[in-house]
Amino acid sequence: MANTESARRKIMLILSDYYIPNLCIKIKITALEVFNNTGKTPSRHTLYKGLKIVMINVLNLNGRLNFLMISKQYHSTPSRQKYGNVFKTHLLGKPVIRVTGAENIRKILMGEHSLVSAQWPQSTRIILGFNTLANSIGELHRQRRRILAKVFSHSALDSYIPRIQQVVRSRIRGWCGERGAVTVYPATKALTFRIAIRILLGLRATDQQLTHLADIFEQLMDNIFSLPLDIPFSGLRKVRHRPSQPCCLSVCLSVCLSVCLPPSPLNPFPTSTESAVELIFAAFATTASASTSLMLQLLQNGQVLEKMRQELEQHGLIRDCEWLETLSRLRYLDCVIKEVLRLLPPVSGGYRTALQTFELDGCQIPKGWNIIYSIRDTQETAAVFLNPDTFDPDRFGPERDENKKGRFNYIPFGAGVRSCIGKELAQVILKILAIELTSAARWELATATYPKMQTVPVVHPVDGLKVRFHCVDAKGNKLPTEE
Ligand code: HEM
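Residues numbered from 1 in each chain as written. Predicted model: local features only at pLDDT ≥ 70, side-chain atom pairs only at ≥ 80, totals over all residues. Heavy atoms only, no water.

As annotated in an unreviewed UniProt entry, the protein carries the name Cytochrome P450, family 26, subfamily C, polypeptide 1 and comes from Callorhinchus milii.

(A) The coordination of the iron atom of the ligand, seen in detail. Exactly one protein atom donates to the iron atom of the ligand; that atom is Cys420 (SG), 2.3 Å from the metal. Relative to the elements of secondary structure, cysteine 420 occurs in the loop between helix H17 (375-381) and helix H18 (423-440). (Donors = N, O, S within 2.8 Å, 3.2 Å for Na, K, Ca; no water. Helix = DSSP H or I, 4+ residues; strand = E, 2+ residues; numbered from the N terminus.)

(B) Molecular detail of the sheet that holds strand S9 (residues 441-445). If you trace the three strands from one edge of the open sheet to the other, you get S4-S12-S9, paired in antiparallel fashion. Looking at strand neighbours, the two that pair on one side only are strand S4 (182-183) and S9, the edges of this open sheet. Relative to strand S12 (residues 466-471), S9 is paired through five bridges, and the arrangement is antiparallel. By the bridge assignment, alanine 441 is partnered in S12 with cysteine 471. Against the sheet, helix H8 (residues 154-177) engages S4, S9 and S12, with an angle of about 105 degrees to S12. (Pairing = 2+ DSSP bridges. Contact = heavy atoms within 4.5 Å. Axes fitted to C-alpha atoms, helices over the stretch in contact; angles between N-to-C directions.)

(C) Representation of the environment of glycine 422. Note that glycine 422 resides in the loop between H17 and H18. We classify glycine 422 as buried; its relative accessible area is 15%. Separated by 68 residues in the primary sequence, glycine 422 and alanine 354 place their C-alpha atoms 26 Å from one another. (Buried < 20%, exposed > 50% of the residue type's maximum accessible area, 1.4 Å probe, protein only.)

(D) Region of interest: the UniProt feature "binding site: heme" (unreviewed entry) in the protein. Under the present numbering, the feature "binding site: heme" (unreviewed entry) in UniProt falls on Cys420. What cysteine 420 contacts, discounting residues up to four positions off in sequence, is Arg145 and Phe413. (UniProt positions renumbered as here; feature names shortened; annotations may be inferred.)

(E) Structural detail: the site of the ligand. Surrounding the ligand, one finds 27 residues, the nearest of these being His141, Arg145, Arg352, Tyr373 and Cys420. Here an oxygen atom of the ligand sits 2.6 Å away from a polar atom, N or O, in the side chain of tyrosine 373. Residue arginine 418 places a side-chain N or O atom 3.0 Å away from an oxygen atom belonging to the ligand. Here the shell around the ligand takes six residues from helix H13 (residues 273-300), the largest share from any one element. A breakdown of the residues in the shell around the ligand according to their chemical character gives 18 nonpolar, six polar and three charged. (Near = heavy atom within 4 Å. Polar contact = N/O pair within 3.5 Å; in protein donor to acceptor, adjacent residues only side chain to side chain. Nonpolar A, V, L, I, M, F, W, Y, C, P; charged D, E, K, R; others polar.)

(F) Structural detail: the packing of aromatic side chains. All chains considered together, the criterion is met by four aromatic pairs. With a centroid separation of 6.2 Å and 55 degrees between ring planes, the pair formed by phenylalanine 385 and phenylalanine 396 is classed as tilted. With phenylalanine 385 in the loop between H17 and H18 and phenylalanine 396 in the loop between H17 and H18, the pair connects residues that are eleven residues apart, well separated along the chain. Given the relative accessible area of 6%, phenylalanine 396 is considered buried. (Phe/Tyr/Trp six-rings, centres within 6.5 Å; stacked < 30°, edge-to-face > 60°.)

(G) Expanded view of H8. For H8, which comprises 24 residues, the first-to-last C-alpha distance of 35 Å matches the rise-based estimate of 34 Å (1.5 Å per residue) to within 8%. Residues of H8 that are buried include every one of Ala156, Leu157, Asp158, Tyr160, Ile161, Ile164, Gln165, Val167, Val168, Ile172, Trp175 and Cys176, and no others. (Expected span 1.5 Å × (residues − 1).)

(H) The arrangement of the nonpolar core in detail. Core analysis: the biggest nonpolar cluster contains 89 residues, and Tyr160, Ile164, Trp175, Met295, Leu433, Trp443 and Phe469 have the highest contact counts within it. Grouped together as the second largest cluster of nonpolar side chains are 19 residues, Val99, Ile108, Val116 and Ile365 included. (Core = buried A, V, L, I, M, F, W, Y, C linked by side-chain atoms within 4.5 Å.)

(I) Looking closely at the confidence of the model for the protein. Averaged over every residue, the pLDDT of the protein is 77; the share at 70 or more is 69%. This model gives residues 56-76 a pLDDT under 50, and the stretch forms 49 contacts once residues within four places in sequence are excluded. Long-range and interchain partners of residues 242-251, a stretch whose pLDDT sits below 50, account for 21 contacts in this model, where long-range means more than four residues apart. For this predicted complex, the interface score ipTM comes out at 0.99, alongside a pTM of 0.80. (pLDDT = per-residue confidence, 0-100.)

(J) Representation of the packing of helix H9 (residues 184-200) against helix H10 (residues 207-222). One way to put it is that H9 packs onto H10 with a least axis distance of 10 Å and a crossing angle of 115 degrees. For the element pair H9 / H10, the angle class is roughly perpendicular. For H9 against H10, the interelement crossing comes out right-handed. Residues Lys189, Phe193, Arg194, Ile197 and Arg198 of H9 form the contact with H10, whose participating residues are Asp207, Leu210, Leu213, Ala214, Phe217 and Glu218. Of the residues in the contact of H9 with H10, the class split is six nonpolar, no polar and five charged. (Parallel < 35°, antiparallel > 145°, perpendicular 65-115°, else oblique. Left-handed = near helix turned anticlockwise from the far one by under 90°.)

(K) Representation of the environment of tryptophan 175 within the structure. Here tryptophan 175 lies in helix H8. Owing to a relative accessible area of 5%, tryptophan 175 belongs among the buried residues under this scheme. With 294 residues separating them along the chain, tryptophan 175 and phenylalanine 469 place their C-alpha atoms 6.1 Å apart. Contact partners of tryptophan 175, with chain neighbours within four places excluded, come to Val182, Ala187, Thr188, Leu191, Met295, Leu433 and Phe469.

(L) Geometry of the packing of helix H14 (residues 302-314) against helix H16 (residues 331-343). Between H14 and H16, the shortest axis-to-axis distance is 8 Å and the interhelical angle comes to 145 degrees. Residues Val304, Lys307, Met308 and Glu311 of H14 form the contact with H16, whose own contacting residues are Arg331, Tyr332, Leu333 and Val336. Partitioning the contact of H14 with H16 into residue classes produces five nonpolar, no polar and three charged.

(M) The arrangement of the pairing of strand S8 (residues 370-374) in detail. When you tally the buried positions in S8, you get four out of five residues, the bulk of the element. Bridge count between strand S5 (residues 349-354) and S8: five bridges; the pairing is antiparallel. Each residue of the ladder has a partner; that of glycine 349, found in S8, is serine 374.

(N) Expanded view of the pattern of salt bridges. Evaluated as defined, the whole model comprises 18 salt bridges. In this structure, aspartate 207 and arginine 194 form a salt bridge, with 3.4 Å as the shortest nitrogen-oxygen distance. With a gap of 13 residues between them, aspartate 207 in helix H10 and arginine 194 in helix H9 connect regions that are remote in the sequence. A relative accessible area of 46% means that aspartate 207 is categorised as partly exposed. (Salt bridge = Lys/Arg side-chain N within 4 Å of Asp/Glu carboxyl O.)

What follows is the structure in structure tokens.
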């Protein structure tokens, strides 16, 4: 029994470190059930088996619980109403200051490197690696950003467009060829993954390698916000030490793709697979989330889709958008993409640590404390947006341009020195997807009602959004499904 007690204490110790009260109670009960129900002192084997069951429960539950906790943090409107735009809460068991509102966000985002410093949760840092852009600070961050900026330059983006269009076109044809419904969120994740690997990184991966890597990334995303416990059965251990896999993701990527890593004129990562992992990670779920939200909004707002179609016809480029400059002439399409990212921002917020004690909105933030700046809440509550719950792309049009009334009310890509380095690329992908869908396909909801949305790790429909696609000709007539 002494063994049992010490094992239970060990678990409690680990958990209490991360202070999750409900989970602690649950574990205490489970541990007692596992160890005491036998009515006798367990053997080493039983004890180990029991511990294993407990830990699996804890850690599986932990993943979901963390998501729930984060979700709750981002949606704690009552707390915001009660305590204002800056208040203290807990995330992953640690105290954190949550910040909302354009003025407060401005101070945080413009204070990077002096007032605050980006600091992702420990699990994210461990999984992605410490040498990535998002995890580097100060001069190192500036240098890395300068190097990476080449991948996203105007000429680089121009060169990606025809190939992105090719990949998107072929994927949409595939969706139209499906007999049943397509689940949009995983389908767009596969699409962005393919674009990131083949076009952005210029890697020649086979379909089999792509599927294998996508599977690993999926697991990575599932565990990106988890307790930083590298112990058996934990999310962290799963992604770092997959059986029959090299021991970490970046190594895994390089081994899987070793035959095709160097050299490619577009591949700026002959040595840094960590950077490659980071870019795929940053592009993967975010762009897929926005793509899914785009399709959802176009399903729900037929008049917007019609207006987009008219704009494409006016420009005579229903099917050809070869250059960045051509894309930028489609003003209404630009408003549609902006509105999708306002109403359903894929990333809920960003993580910072206070480098010095400072005051924000009358509250003192002590040095060393964690801060989350909230994108979703800020966009949802910004007074500059009229009827904020309505999907209304014209709010970004030249006549109203509500966004002009305050710079930090609209921040789907963050702002300042840490703003999203891939934002132009993300917008290009979304625009090409919208053009291809509008001109070559029709899509309809395959379920009786629209799905609810989930917000963590990025915003997405709970059922992934089930849709039936059909190919159409230039006049909008349905084409027979290819066998
Ligand atoms: C709709 C799609 C996307 C959204 C909504 C989005 C959003 C964001 C946000 C909000 C940040 C800032 C986080 C912070 O303040 O700490 C960020 C940073 C970043 N994003 Fe994106 N992103 C998207 C797509 C992409 C793509 C396609 C790439 C690259 C291929 C990318 C690469 C990055 C990187 C590397 C950073 C870190 C920048 C730094 O720390 O200097 N993102 N993204």
